[in-house]
Amino acid sequence: MADIVDIAVGAGSFKTLVTAVQAAGLVDTLKSPGPFTVFAPNDDAFAKLPPGTIQTLVQNIPQLARILTYHVVSGKLMKADLEKVSSVTSVEGSPIRIDCSDGFEVKNATVLAPDIEADNGVIHVIDTVILMG
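What you see is a predicted model, and the numbers here were worked out from it, not measured in a lab.

What counts, and at which threshold
- Residues numbered from 1 in each chain as written.
- Predicted model: local features only at pLDDT ≥ 70, side-chain atom pairs only at ≥ 80, totals over all residues.
- Heavy atoms only, no water.
- Helix = DSSP H or I, 4+ residues; strand = E, 2+ residues; numbered from the N terminus.
- Buried < 20%, exposed > 50% of the residue type's maximum accessible area, 1.4 Å probe, protein only.
- Contact = heavy atoms within 4.5 Å.
- 1 Å grid on protein atoms, 1.4 Å probe; cavity = no way out; pocket = protein on both sides within 12 Å on 5 of 7 lines; lining within 4 Å.
- Points joined across faces, edges and corners; volume = space filled by probe spheres on them.
- Nonpolar A, V, L, I, M, F, W, Y, C, P; charged D, E, K, R; others polar.
- Salt bridge = Lys/Arg side-chain N within 4 Å of Asp/Glu carboxyl O.

### Concerning the environment of Thr69
Thought 1: Along the chain, the position of Thr69 falls in helix α6 (residues 61–69).
Thought 2: Given a relative accessible area of 18%, Thr69 falls into the buried group.
Thought 3: Here the alpha-carbon distance between Thr69 and Phe39, two residues 30 residues apart in the chain, equals 9.9 Å.
Thought 4: The contacts of Thr69, once residues within four sequence positions are left out, are Leu26, Ser90, Val91 and Glu92.

Spelled out as structure tokens, the structure:
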């Protein structure tokens with residue numbers, strides 16, 4: 001089975017995320033055994049950000065890494081696991097609100113494709129980049 005990074009690269013709809021992960025130096029982390037749960041914004045999610053945001057973040061690696069690690073949780077949490085909790089704590093350290101009462105939402109993002117299993121965890125595709133605070 002492919003790891004989280006290989007799945008994201010192979011999917012073709014995570015070009016911005018893959019570029020950001022490479023720029024932030026997080027590829028090796030996300031290729032490690034984990035396991036990790038990744039709330040992965042697709043390219044359309046990144047396109048919703050204000051113009052210039054991605055370029056600014058790529059020039060501010062610590063901030064970029066902080067935002068990216070906010071999308072990652074330690075452990076392999078499938079949708080069924082997340083339905084039992086109201087929040088999880090990101091690798092970055094901040095809580096992420098989970099709402100499965102009407103669909104599947106992670107903070108302000110809707111999960112488009114849950115439970116994409118990887119060798120080192122699981123990916124949940126989201127439609128919005130989530131931010132701390």
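### Some remarks on empty space enclosed by the protein
Thought 1: A full pass over the atoms with the stated rule returns one cavity of 30 Å³ or more.
Thought 2: The calculated volume of the largest cavity comes to roughly 40 Å³.
Thought 3: Thr16, Ala20, Phe46, Ile54, Leu57 and Leu64 together form the lining of the largest cavity.
Thought 4: Here the lining of the largest cavity is composed, by residue class, of five nonpolar, one polar and no charged.

### Brief notes about unusual backbone geometry
Thought 1: Of the consecutive residues Gly34 and Pro35, the connecting peptide bond is found in the cis state with omega at 5°.
Thought 2: Counting through the fold element by element, Pro35 comes out in the loop between α3 (27–31) and β1 (36–41).
Thought 3: Despite not being glycine, Lys107 has its phi angle at roughly 55°, a positive value.
Thought 4: The class for Lys107 is buried, based on a relative accessible area of 15%.
Thought 5: A positive phi angle, close to 60°, is found at Asp115, a residue other than glycine.
Thought 6: Here Asp115 lies in strand β6 (residues 109–118).

### Topic: the pattern of salt bridges
Thought 1: All chains considered together, the criterion is met by six salt bridges.
Thought 2: Across the pair Asp6 and Lys31 runs a salt bridge whose closest N-O atoms are separated by 3.0 Å. With Asp6 in helix α1 (residues 4–11) and Lys31 in helix α3, this residue pair connects regions lying 25 residues apart in the sequence.
Thought 3: Of the residues examined, Asp6 reaches a relative accessible area of 39% and is grouped as partly exposed.
Thought 4: The partly exposed category is assigned to Lys31, whose relative accessible area is 36%.
Thought 5: Here Glu83 and Lys79 are joined by a salt bridge, their closest N and O atoms 3.9 Å apart.
Thought 6: A residue is classified by how much of its surface remains accessible, and Glu83, at 47% relative accessible area, is partly exposed.
Thought 7: Owing to a relative accessible area of 26%, Lys79 belongs among the partly exposed residues under this scheme.

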